[in-house]
Every structure is written in C-alpha cells, then in structure tokens.
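Structural features, examined
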Amino acid sequence: VVARCAHGVVRLAMSRVCCHRPFAEQDASRGKGMRVDFSSFCAGVAVAALGFYFANRFILPPPWSQSPAPLSALPEGNLTFGSSKALEVLGELTVEEIRNTASWFLTRTGGASVRNNSKSCMWLAGPSGIELLFPAKAAVVSFLSGAGPKPPRFARLTAVGPDGVQEYKVGPLVDGSPSKDALLEPLLRPGDVPFAKRPLEPNADLRLLQPLINKTYRILGPLLTETFGPIFSQLDGFTGAEGLAINFFRPQTFTPKGIRIDYVKALWVPPSPAKLEAMWMHPLPIDLEFNMTDPDPARWALLSVMYCHEGPYDSAEIVMSKFASGSLRVCPIKKTTGTWDVPQRETPRSPNKMRFAPQGGVTWGPWSFAVTQRPSTGPALLDVRFRGERILYELSMQDAQAAYSGTKETSFFYSDASWSLSMLGTSLEPGVDCPEGAHFVKASSWYTLYDGGGAESNVSGPFDFAPICIFEWDEDHTIWRHMQNRAPPTVSGLMRRTVVVRSICTVGNYDYITDIKLREDGEIEVHTRFAGFIESRYYHPRFNADEVNFSTIIRPDLAGPVHSHLVGWKADFDIGGVRENTFRQTRVSTMLPAGSGQFVSKYLEKTDIAREGKGKSTFVADPKHPGNWAIVDRQAVSPAGNPRGYAITLSSFATLQVLPDEHPFVQAMPWTKYHLAITKHHDDEYRSNSPYIHYDGSEAVKNGQDLDRFLSDGEALLDEDLVAWIGVGREHIVRQEDQPLVSNFGTGFSLQPWNFFEQNMAASPPEL
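Quick caveat: nothing in here was measured; it's all calculated off a predicted structure. (Residues numbered from 1 in each chain as written. Predicted model: local features only at pLDDT ≥ 70, side-chain atom pairs only at ≥ 80, totals over all residues. Heavy atoms only, no water.)

1. A look at the pairing of strand S13 (residues 361-364)
Side-chain positions along a regular strand alternate between the two faces of the sheet. In S13, alternate side chains face the same way, and those of Gly361 and Thr363 on one face and Val362 and Trp364 on the other are all buried. With 3 bridges joining them, strand S1 (residues 80-82) and S13 adopt antiparallel strand pairing. When the bridges of S13 are listed, Phe81 appears paired with Val362. Sheet analysis places S13 next to strand S14 (residues 367-374), joined by 4 bridges and oriented antiparallel. Considered in S14, the bridge of Trp364 is made with Trp367. (Buried < 20%, exposed > 50% of the residue type's maximum accessible area, 1.4 Å probe, protein only. Helix = DSSP H or I, 4+ residues; strand = E, 2+ residues; numbered from the N terminus. Pairing = 2+ DSSP bridges.)

2. What about the nonpolar core?
The biggest cluster of nonpolar side chains holds 101 residues, and the ones touching the most others in it are Phe369, Leu395, Ile470, Leu518, Ile524, Phe573 and Leu751. With 7 residues, strand S16 (residues 389-404) is the largest single contributor of residues to this core. Those residues in contact with Phe573, other than ones at most four positions away along the chain, are Lys137, Ile391, Leu392, Asn581, Ile631, Tyr646, Ile648, Asp721, Leu722, Ala724 and Leu751. (Core = buried A, V, L, I, M, F, W, Y, C linked by side-chain atoms within 4.5 Å. Contact = heavy atoms within 4.5 Å.)

3. Quick look at the packing of aromatic side chains
In the structure shown here, the tally under the stated rule is 23 aromatic pairs. With 5.9 Å between their ring centres and 90 degrees between their planes, Tyr512 and Phe530 make a pair best called edge-to-face. A residue pair is termed long-range when its members are at least 10 positions apart, and Tyr512 in strand S23 (residues 510-519) and Phe530 in strand S24 (residues 524-532) qualify at 18 residues. Of the residues examined, Tyr512 reaches a relative accessible area of 2% and is grouped as buried. Aromatic ring contacts, followed pair by pair, group Trp367, Phe386, Tyr646, Phe756 and Phe757 into a single cluster. Sitting over the face of the ring of Phe154, Lys169 holds its NZ or CZ atom 4.4 Å from the ring centroid. (Phe/Tyr/Trp six-rings, centres within 6.5 Å; stacked < 30°, edge-to-face > 60°. Lys NZ or Arg CZ within 6 Å of the ring centre and 35° of its normal.)

4. A word on the pairing of strand S18 (residues 439-445)
When you tally the buried positions in S18, you get 6 out of 7 residues, the bulk of the element. As defined by bridge partners, strand S12 (residues 355-356) adjoins S18 across 2 bridges and the pair is classed as parallel. Counterpart to Phe356 in the pairing with S18 is Phe440. Where S18 meets strand S21 (residues 463-484), 6 bridges bridge the pair, whose relative direction is antiparallel. Looking at S21, one finds that Ser444 is bridged to Asp464.

5. Description of the sheet that holds strand S9 (residues 283-291)
Taken in spatial order, the 5 strands line up as S7-S8-S9-S10-S11 in an open sheet, and their pairing is antiparallel. What marks the edges here is a single partner per strand, and that holds for strand S7 (244-251) and strand S11 (310-313). Pairwise comparison of adjacent strand axes, ignoring direction, gives a mean angle of 20 degrees for this sheet. In the sheet, S9 pairs with strand S10 (residues 301-307) via 6 bridges, with the strands oriented antiparallel. Along S10, the bridge assignment pairs Leu288 with Val305. Sitting on the sheet, helix H7 (residues 221-228) touches S9 and S10, and the angle it makes with S9 is about 155 degrees. (Axes fitted to C-alpha atoms, helices over the stretch in contact; angles between N-to-C directions.)

6. Notes on the pattern of salt bridges
Counted according to the given criterion, the structure contains 43 salt bridges. Salt-bridge contacts for Lys265 lead to Asp287; the nearest nitrogen and oxygen are separated by 2.8 Å. Placement of the pair is Lys265 in strand S8 (residues 261-269) and Asp287 in strand S9, with a sequence separation of 22 residues. Relative accessible area serves as the criterion here: at 13%, Lys265 is assigned to the buried category. By relative accessible area, Asp287 is classed as buried at 12%. For Glu720, the salt bridge goes to Lys680, with nearest N and O atoms at 3.7 Å. Taken together, the residues span a long stretch of sequence, with Glu720 in the loop between helix H11 (707-711) and strand S35 (722-732) and Lys680 in strand S34 (residues 676-680) at a distance of 40 residues. Three or more residues are tied together by salt bridges with common partners; here these are Lys137, Asp383, Arg385, Arg390, Asp572, Asp574, Arg579 and Asp721. (Salt bridge = Lys/Arg side-chain N within 4 Å of Asp/Glu carboxyl O.)

7. Quick look at the packing of helix H6 (residues 205-219) against H7
Any two packed helices are characterised by how steeply their axes cross, that is the angle between the axes, and by the distance between the axes. H7 packs onto H6 with a crossing angle of 75 degrees between their chain directions and a minimal axis gap of 4 Å. Judged on the interaxial angle alone, H7 and H6 are roughly perpendicular. Contacts between H6 and H7 involve Tyr217, Arg218 and Ile219 from the former and Gly221, Pro222 and Leu224 from the latter. Grouping the amino acids of the contact of H6 with H7 by side-chain chemistry returns 4 nonpolar, 1 polar and 1 charged. (Parallel < 35°, antiparallel > 145°, perpendicular 65-115°, else oblique. Nonpolar A, V, L, I, M, F, W, Y, C, P; charged D, E, K, R; others polar.)

8. Examining the state of the cysteines
In the structure shown here, the tally under the stated rule is 2 disulfides. Disulfide pairing is shown between Cys308 and Cys331; the S-S distance is 1.8 Å. Residues Cys308 and Cys331 share a disulfide whose torsion about the S-S bond is about -55 degrees; that sign makes it left-handed. Here Cys331 lies in the loop between helix H8 (316-325) and S12 and Cys308 lies in the loop between S10 and S11, a separation of 23 residues in the sequence. There is no split in this pair, since Cys308 and Cys331 are both buried. Here Cys434 engages in a disulfide with Cys469; their sulfurs sit 2.1 Å apart. (Disulfide = S-S within 2.5 Å.)

9. Description of the environment of Gly378
In this fold, Gly378 is placed in strand S15 (residues 378-386). For the pair Gly378 and Leu421, spaced 43 residues apart in sequence, the C-alpha to C-alpha distance is 5.0 Å. For Gly378, the residues in contact, after removing those within four places along its chain, are Thr372, Gln373 and Leu421.

10. With respect to the packing of H7 against H8
Running from amino to carboxyl end, H7 crosses H8 at an angle of 60 degrees, the nearest separation of the two axes being 9 Å. Within the contact between the two elements, H7 uses Pro222, Leu223 and Glu226 and H8 uses Val319, Met320 and Phe323. Of the residues belonging to the contact of H7 with H8, the class tally is 5 nonpolar, no polar and 1 charged.

Have a look at this one:
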C-alpha cells in the first residue's frame, strides 16, 4: 500500500521522471482485490512514501555485486559474474543435491535409480527424475526485494511403479541434502498418470526388451542376412567386417486408450574407420512393433513386423512363411559409404582450456540476470533486469516438437523435452561452439553416453557438464546509422554490442543451438538454429513409391521426409518489476477517414485483452493483418501518454503447426497451434506440456501441464501477473544439400522495449 501511495504521489509531483516506474520490487506486492480510497489515505503517508521511494530508487544496491555501467561507457571485458539471489531459490539442483536427494528417497522407499526387470520395480525415471520444485513466485519476489525470507528449496521427483507415475515433493533441502525433518509428499492423485504414460528415458525399456528383440531377429535371421548381409550381432556369422545394425526406439502415438507401443528401428553403422554418426544416413527397412504396456517386461509382446515398407505382419513367423514360399518381395539394399555420409571438413578444436563462470549471476552494461539449465527443458534466464528494473521473472525454453510426415506406420513426432533438451548433450567445445574467451556455465546431468551409441539414466550418478557459454559480441551491423544529407555527405552510426547466452543440446540426430542476445537498447532476441543429421528413410520406387509425397529423394535409395521444428518458450513478464500487467494488441487496419473521399487510410486499432481463452488470448501472426503484441503496465504512463511495456515480435519467417487441431501430434502439444498465448500466472502452471505425452495419445494426463488447460478457465487478464507462451518454428523441406548434415537454419523472436523508455537507450543513453 505504501508503495502504491508513493507511486501516486510521485506521479503527481514528479511527472517528468515517472517514465521509470520506481518500485521494481515493492509494487510486486500490491494487494489483489483491494478497494481503498487512496486519495485520502495517501495524504497521511506522503512524507513516508516519498522517503520510501527515494530510498529504494537510489540507495538500495542492485542484486549483483557490480552496478550496471552507463551505456555510453561499455569497456571491453565488461562481462562480470557474481552471486545471485535468484539462483539461490530458482537455480536448478546441483550435483550434490541430486545425489543426496536420490539417496534419501531410495533409502526410504526401497526404490531403484535404474529400472530392473521386476514387475514390482519402482524407480526414478525420465529427464525430470529429480529437478527443482519451483517455489511460489510471491515468496521469491518478496525475497528478491529484501522484504521477505528466503524460500526453502524443495525437489520434485518423478517415480514410476506398477500403479503408474507419481511425482513427489522432497525437502526442504539444506546444505545440499534433505534436512533432518524433510518431508516426502505426493503431488499427483493416484491414476493421474497411468503406467502406460511413464516417461521416456534412455536404455531403460530398450535394455529390458533386448531379449525379445534378439529372439525376433533370430526367427527372421535367414531373411535379414539375405537382405542386409551379416550385420546383426544376434545372428551366426556376424564378424563386424560389414558393419553393425543397431536399434533405437520410436514412440507410437496412434495407439488405443491405455496402451503403450514402441517401434524398434534399425540403422546400419558402416565398418571402421567410418564414424558412428554415419548411421543416420543408413536406415534399414525392418521395423518391429512391441506392446510394452504391462509393468512386467516378461509380458511384453511383438505386435507386428514391417519389412521393406510392406506389412504390417502379425508375427515374425508369418514373415518367414512368406519368405519360404517365395511370396515375400526382398528389397535391394546398397550398403555404400564414403565422403557423402559424414562431414569431411571441420573447425579445429581450441587448445585452450575452458574458462568457467565462477557464479551464475551475470552483469553486462545495463543488464543483470541469472542463468540456469533445467534437466528436461533446457536453458532459463531468471530475474532479468535492465538498469536495475526487472523485465522478466523467467525466460525459459519449454519444449521442441519435431513432427514427421508419412503414413500411419511411418509418421511420428518427438517432444524433445520428454527425451531431454539438456542431458543428452555434452559440454560445449571452445572454438567450435563458443568463441575464444567465452565463459562456460556448469549444469547437472545423470544421462551417461556410451561408446558405440546410446545412453543410460541413473539419478544416483549425477555429474557436472557445461552446456552453456556466455560471451560479449560486437555484431556485424549498427544499431543505428545515418548519412548527413549535405556536401560532402558524412556517415555516422553505432556498432551493435551484445551479450550472448548460448545453450546447445543434442537429441539423437538433431542439435539445437539457442542464443539469447541481450542488447544495449533493451532488446532481447531469442534464436534457435537446427543442426545435425536428418532422420532419413529407405526408398525404392517398387516398395514405397508413395514416399515421394512425403519426402525429398536425396539419393536414389534415400528419402528425407518433410518435418517441422517448433520451439516453445515461456516469458513471465514483470514490466518494471510490477506483477500487474495487461496484454495490449495493436492492429494495423484500414478505414475511410471523414472528408477523404474514396481514399482509404491505415489506422491503429488497440485492444486490451480482458480474458483468457482459445481465440481470445491466443494469436497467430497474419501478414495481411500486421500489428503489435505487447505486455504493458497501464499504471506507468510516459509523459507522452503511453504505458510502459515490452513487445513480442517474431522473426521474419516463423511458421507454425500445419496439422489440424484434432491431430494427435497437436493434441499432445497444443502450444504448437499458437505463435503466442497469454495466461494469468499460477505457480502450478509451470511448463507448456507434460513429459508424459508420447504414449496413449487418446488419454490426456489428468490435471497435467497443458497450455490449452491453462487457457480453459477464462480468467481475467487486465492488470494481472501475465505469462506469455511463445511458439516459433520452421518446416524443414529436405534438400540434397542436407547431406551429410544440414546447413544450420533457424527461427526466433524478440522482446523489444515498447514505450518502456523515453528514447533510444543505445543512441542517447542517460547517465546513471
């Protein structure tokens, strides 16, 4: 209340300086639903309020140890690192916290850190096996402002047992371990996430399924050897001289309710000295489909076999019967390798050692923020401030969808956060991933990569790696430029300077290279590039002639299916540190002005979106109806009469979901329907979709993380704490030049100050 009074008094008495909202933290605690006669009440506390204002505007230190430098004086090496209050409460769990929490939980429950073949096994599973349980935002904001105590740290654990999936709250965590009085509290109701929807994890189900895979291959042995040669290690005659067939899992989305089905795919790894990664360009047309619904691996069963894109056949015995009778067509296979399936040129790795950021609080020029990496969803920036004012409580990657074309048997999608947008990668490479002089940031992982391909999940064995680097960058263009129109003409301008937070993750064949660029003028650009190998298919016109409808044929026997790359982000805005914001849509429309005759003009149509809802607070960019999307603080108005805000702008080529809304791929990840969706903040609406969406697509996760569920209650949005869910993407129409690897391409968006400042902060910065 005092903060609000101070704001009102200062606006009346100091209107010329009120463009900067003075209460970055204190306004965040404005009471919801209060009805107070502020005109009379404020009179009694004006002196105290003004004192409160000046103390907090000019005396309280910023959250980092070093104050932001004036924009007019940004020396080289201005990037500094320090302690961060935001990381203390919002930073992801450390290796020590993961190891000790796993040990505590497993000791008390008798569970396992890695799944075994017991039908009664209970184990910690998936990329969210152990992660931070986010504290309440109100408590965090109070702590960041110095007005409240530090919220305790808790862990969220995901455990799978015969009765299904359960998430637990464990803590508080003190000094890296659960405290002596730590609690174990279930977060889901029984049956919310059935066993069939258990999370993905590397080498868990595949390892337990291997005996059944081996049995099936042995039945098919004569056919496999005749078709592919002696490349299956399960069969007699295998030496490795002609390479090796390896397997990988692919979830089957089109399943009956309550059923979990996986495809086991096969790739050919050419013999040494060929590189392992060449396998992505050598798919083998032999697919096995398994029902893996039952908690007892001994009850898993083969459902079908696809051979050379023909079938499905209900058993391996049926396939062999057709082969013996001569009624099965054997497809021709060319196992050729060379310079075309792996790159022949690469940048040498730097001989210099990695330089690690000592702490995760970052200061650069006018910016201060904290950096962390979530084990499932990837990079996140926390408590992002410009010149001491918080713009964002959180800016975080949420998920990435890759949806591939094809028939019911060959089309599929991946939710990459369900695999992990962090832990399947490795530490970034100096000189290749990041420039010399970059600072590297550590994160935690419990996914261990194997020699020869594959990985294993084990939460009892976490370790550090460095998936993030931070560096200063002088960009290749100016932030402003102009030629003086005179003789002789003169040109002046200002080269754009930026701090870059780069995170790179690998998910199987693809690499996601994400840059978050914070610029001198207050802009934040987020851009993700897609790199790596395509996921290819075998092609022969006599066996799968219809593949030309779904793919580009990049070699006579190799197809590259069209597929989407859609990336979702969460931007939790606190414009100027205030948690009461409004979403304003401005559209460029046309009208016939009075007295203009027949001449139509453009005009600006401004709308403050009042309520949540599909079609109400969801938006898809339309080039025929351009405009602006902005989060604004309607109670902080510039002298020109504009509310301070930040706009969300897409890159010039940001496509979206092309599949219909009722498609299972879309229902699983509804955020892919929107470029932007606005919701009211709730602590329990923390990610855009759950990690349980790959299986049993006809059965939704009850009370799960789902953007359409967040939108469904139609809450009021005016002057509320708002979250922007942003989706951008590209359709990848494969070309011949995408072999052996794609030339990196991508898409993104920007968060731009929109009447937040009185002028261009890079061109004419005020002195601090």
